[in-house]
Amino acid sequence: MVIQTMWKDRLSFSDLEGIAAEKLLSRIKTLQEMGCGLIRFAVPDSDSAEVLGNLASMVSIPLVADIHFDYKIALRCLDYPVAKIRINPGNIGPHGAKGTREKIEAVLSKAATKSRPIRIGVNAGSLPMDLRRMVNEKTIESAEALAQAAERELAIFEEFDFKDVLVSMKASSVADTIKANRLLAERTDVPLHVGVTEAGPLIAGVVRNTAALTVLLGEGIGDTIRVSLSDTPEKEVIAGREILLVVSENLNGEMPGQKPDPSLGVRIVSCPRCGRNSFDSIGFTEAWMSRLYALDKNCTVAIMGCAVNGPEEARHADLGITGTGNRVLIFRHGQLIRTIERHEADAAFEEELNRL
Ligand code: SF4
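Analysis parameters
- Residues numbered from 1 in each chain as written.
- Predicted model: local features only at pLDDT ≥ 70, side-chain atom pairs only at ≥ 80, totals over all residues.
- Heavy atoms only, no water.
- Disulfide = S-S within 2.5 Å.
- Buried < 20%, exposed > 50% of the residue type's maximum accessible area, 1.4 Å probe, protein only.
- Salt bridge = Lys/Arg side-chain N within 4 Å of Asp/Glu carboxyl O.
- Helix = DSSP H or I, 4+ residues; strand = E, 2+ residues; numbered from the N terminus.
- Pairing = 2+ DSSP bridges.
- Axes fitted to C-alpha atoms, helices over the stretch in contact; angles between N-to-C directions.
- Phe/Tyr/Trp six-rings, centres within 6.5 Å; stacked < 30°, edge-to-face > 60°.
- Contact = heavy atoms within 4.5 Å.
- Near = heavy atom within 4 Å.
- Nonpolar A, V, L, I, M, F, W, Y, C, P; charged D, E, K, R; others polar.

**Student:** When you look at the state of the cysteines in this model, what are you seeing that I'm missing?
**Tutor:** Two cysteines form a disulfide when their sulfur atoms are joined by a covalent bond. Counting across every chain of the model gives zero disulfides. Here Cys 77 stays unpaired: no disulfide links it, and the sulfur of Cys 36, its closest cysteine neighbor, is 18 Å away. For Cys 299, which is in no disulfide, the shortest distance to another cysteine sulfur is to Cys 271 and amounts to 19 Å. We classify Cys 299 as buried; its relative accessible area is 6%.

Here you go:
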C-alpha cells in the first residue's frame, strides 16, 4: 500500500538551485520519512518537464509526472528517471483524429521500453462528452460512467499490448468514489489508485476520504491512496497514514493482500485543549507534527494541556509531555524524567525524542 501526495506549486529552474534547492530537497526528504511513497507533480509545459526530470535525478523517492493533452511532454519526461506517468490516451487527441493513434503509440512504446508504468486518471469532472451527457440525462449513474471511461482507456492500452497500467477514478462524491471503484474491481484486476478528489479543506477532506477509503480498503480495493486536501502535502500524508492505521486496526492488523505497514508506527495522542490548560497542546502538536510523523519508531507520543488528564496520558505513552500548574512535565516510558519551564519545552522534548 503506497501513500501518494501531490506537490501544490509549480516548480521552476530556480527551485533547483542554491538555498531554494536545499529547502525543496529537505521538504521532499521529510515527506518520504513521514511515509509518503510517491509524489506527483503537474507537468503543464516543456519547462516543467525539464525541471521535474532534473529533480527526479536528485531524490530517491519516486516522482510521478501528471500530464494532460501534450504527448510530447510525456515523451520528454520519459527521458528522465521519472517513476510513473499519469496521462489518459483519451485526452492525447480526439479518438479517430489524424495522428492521435501515432501519438498514443509513441508514448506507450517509450514507456514500455523504459519499463515505466502509466496511470489512467479518470475524473468525474472531465468525463468523455457522451458519458457526461448520459449522466446529465440520468440514463447512467456517475459511478458507472467513471468505470466505463476507465474501461475505454484500458481498451486502448490493451490494443497496444501495454500492461504496466493502473487506474484511478476520482469523484468529489464519497458514494460515487466507492461505487466506481467497486465496479471496476469486479470487472478487472487492474491496480487501483483510490481517493476522493477535490475533497475540500482539511476537515471536510479528511472526513470524506476516510469515509470512502475505510470502505474500499476494508474490501481489499486499492493499491495506492491519495487523500486530496486543500492543504499541504504533509497533511495529506498524515491523513493517509492515519486512515491506513484505522483500516489496519479494523482488520486486526492486516489488510487483504498487504502486509501491515511498519511506517505506521508513531501514534500521537494529544488533548483538544480547554480553558484549564497551562500548556498549549494544540500549538505544540502542530509545531512537532511533521517531525513526529517522520520518526522511524514504533511509539506513542502524548501531548497534553494540564494536570487533569495530562500526567496519566503522558505516563502511558513512550514519550509524554504535559502542562501542570506553571511547570511542564516530561515522561518517558512511564517515568517522570523532567520538570521544566515552558520555554524549555521544545529543547527538552527534542532531547528526549532523540533518546527514544
Ligand atoms: Fe483540557 Fe487538560 Fe483535558 Fe487538555 S488535558 S482537554 S487542557 S482538561
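Read on, since the account is not over.
**Student:** Where do I start with the pattern of salt bridges in this structure?
**Tutor:** Oppositely charged side chains are able to pair whenever their charged atoms sit close together. Counted by the stated rule, this structure contains 28 salt bridges. Across the pair Glu 350 and Arg 291 runs a salt bridge, and its minimum N-O distance is 3.0 Å. Of the two residues, Glu 350 sits in helix α12 (residues 345-355) while Arg 291 sits in helix α10 (residues 281-293), which places them 59 residues apart along the sequence. Residue classification places Glu 350 among the partly exposed residues on the basis of a relative accessible area of 33%. Connected via shared salt-bridge partners are Arg 332, Arg 338, Glu 351, Glu 352 and Arg 355.

**Student:** How do you make sense of the sheet that holds strand β9 (residues 266-270) when you look at a structure like this?
**Tutor:** Spatially, β9-β10-β11-β12-β13 is the arrangement adopted by the five strands of the open sheet, whose pairing is mixed. Each edge of the open sheet carries a strand with a single partner, namely β9 and β13 (335-340). Each strand axis lies, on average, 20° off the axis of its neighbour in the sheet, ignoring direction. As paired strands, strand β10 (residues 299-304) and strand β11 (residues 319-324) are joined by four bridges and run parallel to one another. Residue pairing in the sheet places Val 301 in a bridge with Leu 319 of β11.

**Student:** Just checking my understanding: could you explain the packing of aromatic side chains for this structure?
**Tutor:** Describing an aromatic ring pair means giving the distance of the ring centres and the angle of the ring planes. By the definition in use, this model includes six aromatic pairs. Considering the side-chain rings of Phe 279 and Phe 284, the 5.1 Å spacing of their centres and the 50° angle between planes classify their relative orientation as tilted. For Phe 284, a relative accessible area of 2% corresponds to the buried category. Three or more aromatic residues joined by ring pairs make a cluster, and in this case those are Phe 279, Phe 284, Trp 288 and Phe 349.

**Student:** Would you explain the sheet that holds strand β8 (residues 224-225) in this entry?
**Tutor:** The strands that make up a sheet are held in pairs by hydrogen bonds between backbone atoms, and each pair lies either parallel or antiparallel. An order of β1-β2-β3-β4-β5-β6-β7-β8 is seen for the eight strands of this closed barrel, with the pairing classed as parallel. Pairing of strand β6 (residues 165-170) with strand β7 (residues 192-194), which is carried by two bridges, proceeds in the parallel orientation. Each residue of the ladder has a partner; that of Ser 168, found in β7, is His 193. Contacting β6 and β7, helix α7 (residues 174-187) crosses the sheet at an angle of about 150° to β6.

**Student:** Teacher, can you tell me more about the site of the ligand here?
**Tutor:** Lining the immediate environment of the ligand, one finds Cys 271, Pro 272, Arg 273, Cys 274, Arg 276, Asn 277, Met 304, Gly 305, Cys 306, Val 308 and Asn 309. Partitioned by chemical class, the residues of the shell around the ligand number six nonpolar, three polar and two charged.

**Student:** Hey, could you run me through the environment of Ala 175 in this one?
**Tutor:** By secondary structure assignment, the location of Ala 175 is in helix α7. You can call Ala 175 exposed: its relative accessible area is 51%.

**Student:** So what exactly am I meant to see when it comes to the environment of Lys 72 here?
**Tutor:** Looking at the element boundaries, Lys 72 is found in helix α3 (residues 71-77). In the structure, Lys 72 is positioned 41 residues away from Thr 113 in sequence and 16 Å away in space, judged by C-alpha atoms.

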